[in-house]
Each structure stands twice: as C-alpha cells, then as structure tokens.
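Architecture at a glance
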Amino acid sequence: GSDGKEPLVTFQGRKRLPFQSVIRIMQKAGSAMYGIRLGGIVVVDCDTDNVQTLDFASAGFGHSDFMVKTSRGRHLYFHGENTQPEKIAIDRVKIDLKTGPNAYVVGPGSVRPDNGAVYTLASDWLPSPNLLPAFADRRDNPLRHHPEWGTVGGRNYVLFSLARQLV
C-alpha cells in the first residue's frame with residue numbers, strides 16, 4: 001500500500017525468511033520498510049504521542065524501556081501473548097494492542113514511503129523477546145469481577161445481561 005505497511009511477500013508456512021531473501025525482496029520493490037512478527041511479543045501501539053497516552057499505557061500495561069518512535073506515536077514492547085487485542089480510544093489516548101505469530105509492526109530503521117517518517121529506537125536497544133518486561137493488563141475491568149464470568153457459557157450470559165440493561 002501507499003503507507004508501505006502491506007507485506008511484500010507471504011510466509012507460506014515458514015516461521016521466518018532468510019535475511020538475504022528479505023533484503024533482496026526489499027531492494028527489488030524499492031522498499032525501506034520491514035516488519036517484526038509478534039509471536040511471544042505484545043506491542044502497545046500508541047497512536048497518539050502525548051503524555052496522557054504514555055501515562056495510560058504505563059498504568060494499564062506496565063512500564064517498558066523498549067520502544068520505537070513511529071510516525072504518530074510509539075511502540076512499547078513486552079514479552080507475552082494477549083489473546084484479545086483491542087483498540088482503546090479515550091479522549092486524547094489512542095492505543096492498539098498487537099500480538100500473535102501472524103501480527104506484525106513496522107521495525108526500527110524503516111522509512112515510510114508516504115510521508116518519509118523514520119521509525120527510530122527511542123530506547124538504547126531492542127532485546128530478544130524473553131528479555132522484554134512481561135505484559136500484564138492491569139486495567140480494572142468490572143466484567144472480570146462478575147461471578148458468572150469464569151463459568152462455561154458465563155461470558156455470554158454476562159455480556160447479554162449487560163446489553164439488555166443498556167437497551
């Protein structure tokens with residue numbers, strides 16, 4: 001795509017492509033962007049670059065010294081898996097949670113073709129996944145405290161009950 005975020009190649013069942021293959025594909029397409037697949041990694045993708053967003057991310061998910069400055073905000077890196085990525089849009093805070101072996105984010109050093117923005121390391125280095133801080137969702141979610149939430153079929157019961165109340 002025009003923003004450079006659409007993959008140039010499919011993985012076709014492979015976990016990773018050899019480095020030289022990646023470079024060759026990027027050169028052929030004239031691309032200066034690459035992606036980091038997020039198996040074992042959770043990225044808190046802050047789409048707004050302000051104090052409110054960083055404070056919300058730190059309070060809700062923990063602190064990470066490992067981050068990449070993007071064209072709109074920052075990617076904060078954590079170790080772990082979040083099974084239900086979600087979008088957060090509250091006032092001046094816009095955050096996506098990205099994780100899983102088929103998810104990816106743009107890697108540091110990449111240059112966007114649409115606006116020339118460079119993704120830069122905002123920390124000294126980006127370590128291997130097992131050295132990242134552990135991801136934890138520390139936000140208070142009232143649904144977690146409902147007595148039916150953890151039972152078989154309980155989640156649907158709770159959600160439908162709440163939906164009826166709202167209607």
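We now turn to the structure provided with this report.

The rules behind each value
Residues numbered from 1 in each chain as written. Predicted model: local features only at pLDDT ≥ 70, side-chain atom pairs only at ≥ 80, totals over all residues. Heavy atoms only, no water. Helix = DSSP H or I, 4+ residues; strand = E, 2+ residues; numbered from the N terminus. Buried < 20%, exposed > 50% of the residue type's maximum accessible area, 1.4 Å probe, protein only. Contact = heavy atoms within 4.5 Å. Pairing = 2+ DSSP bridges. Salt bridge = Lys/Arg side-chain N within 4 Å of Asp/Glu carboxyl O. Phe/Tyr/Trp six-rings, centres within 6.5 Å; stacked < 30°, edge-to-face > 60°.

Side note on the overall build of the protein
Looking only at helices and strands, the protein features 3 helices and 6 strands. Ordered by position from the N terminus, the helices and strands of the protein form the series α-β-α-β-β-β-β-β-α. Out of the 167 residues belonging to the protein, those deemed buried represent 34%. Taking the intrachain contacts of the protein between residues at least 6 apart in sequence as the baseline, contacts between residues at least 24 apart amount to 72%.

Side note on the sheet that holds strand β5 (residues 93-106)
Spatially, 6 strands are ordered β4-β5-β1-β3-β2-β6 in an open sheet, and the strand pairing comes out antiparallel. Sheet topology places β4 (87-90) and β6 (120-121) at the edges, where each strand pairs with a single neighbour. Across 6 bridges, the pairing between strand β1 (residues 35-46) and strand β3 (residues 74-79) is antiparallel. Residue Cys46 lies in a different strand from β3, and its bridge partner there is Arg74.

A few points about the environment of Gly73
Among the secondary structure elements, Gly73 is positioned in the loop between β2 (67-69) and β3. Separated by 28 residues in sequence, Gly73 and Asp45 have C-alpha atoms that sit 7.7 Å apart. If near-sequence neighbours (up to four positions away) are discounted, Gly73 is found in contact with Cys46, Thr48, Asp49 and Val68.

Side note on the pattern of salt bridges
Taken as a whole and judged by the stated rule, the model has 6 salt bridges. For the salt bridge of Asp45 with Lys98, the shortest nitrogen-to-oxygen distance reads 3.0 Å. Linking Asp45 in strand β1 with Lys98 in strand β5, this pair joins segments that are 53 residues apart in sequence. For Asp45, a relative accessible area of 4% corresponds to the buried category. Where Arg112 meets Asp114, a salt bridge forms, and the shortest distance between an N and an O atom there is 2.7 Å. Owing to a relative accessible area of 9%, Arg112 belongs among the buried residues under this scheme. Beyond isolated ion pairs, a larger network of salt bridges with shared partners links Asp49, Lys69 and Arg74.

Points about the pairing of β5
The sheet contact formed by β1 and β5 spans 9 bridges and is antiparallel. Considered in β5, the bridge of Arg37 is made with Tyr104. When β4 meets β5, the two strands line up antiparallel, connected through 4 bridges. By the bridge assignment, Lys87 is partnered in β5 with Asp96. Taken together, β4 and the strand that follows it, β5, pair antiparallel across an intervening segment of 2 residues, in which Asp91 is found at a positive phi of about 50°.

Description of unusual backbone geometry
Phi is positive for Asp91, close to 50°, though the residue is something other than glycine. Along the chain, Asp91 turns up in the loop between β4 and β5.

Structural notes on the packing of aromatic side chains
Throughout the structure, instances matching the rule amount to 2 aromatic pairs. Residues Phe61 and Phe135 carry aromatic rings whose centres are separated by 5.5 Å and whose planes lie at 20° to one another, so their mutual orientation is stacked. You can see Phe61 sitting in helix α2 (residues 51-61) and its partner Phe135 sitting in the loop between β6 and α3 (154-166), a full 74 residues away along the chain. As far as the burial class goes, Phe61 and Phe135 line up, both buried. Look at Phe78 and Phe135: their rings are 5.8 Å apart centre to centre, the planes differ by 75°, and that puts the pair in the edge-to-face class. Within this pair, whereas Phe78 is found in strand β3, its partner Phe135 is found in the loop between β6 and α3, the two being separated by 57 residues in sequence. Note on Phe78: relative accessible area 0%, which makes it buried.

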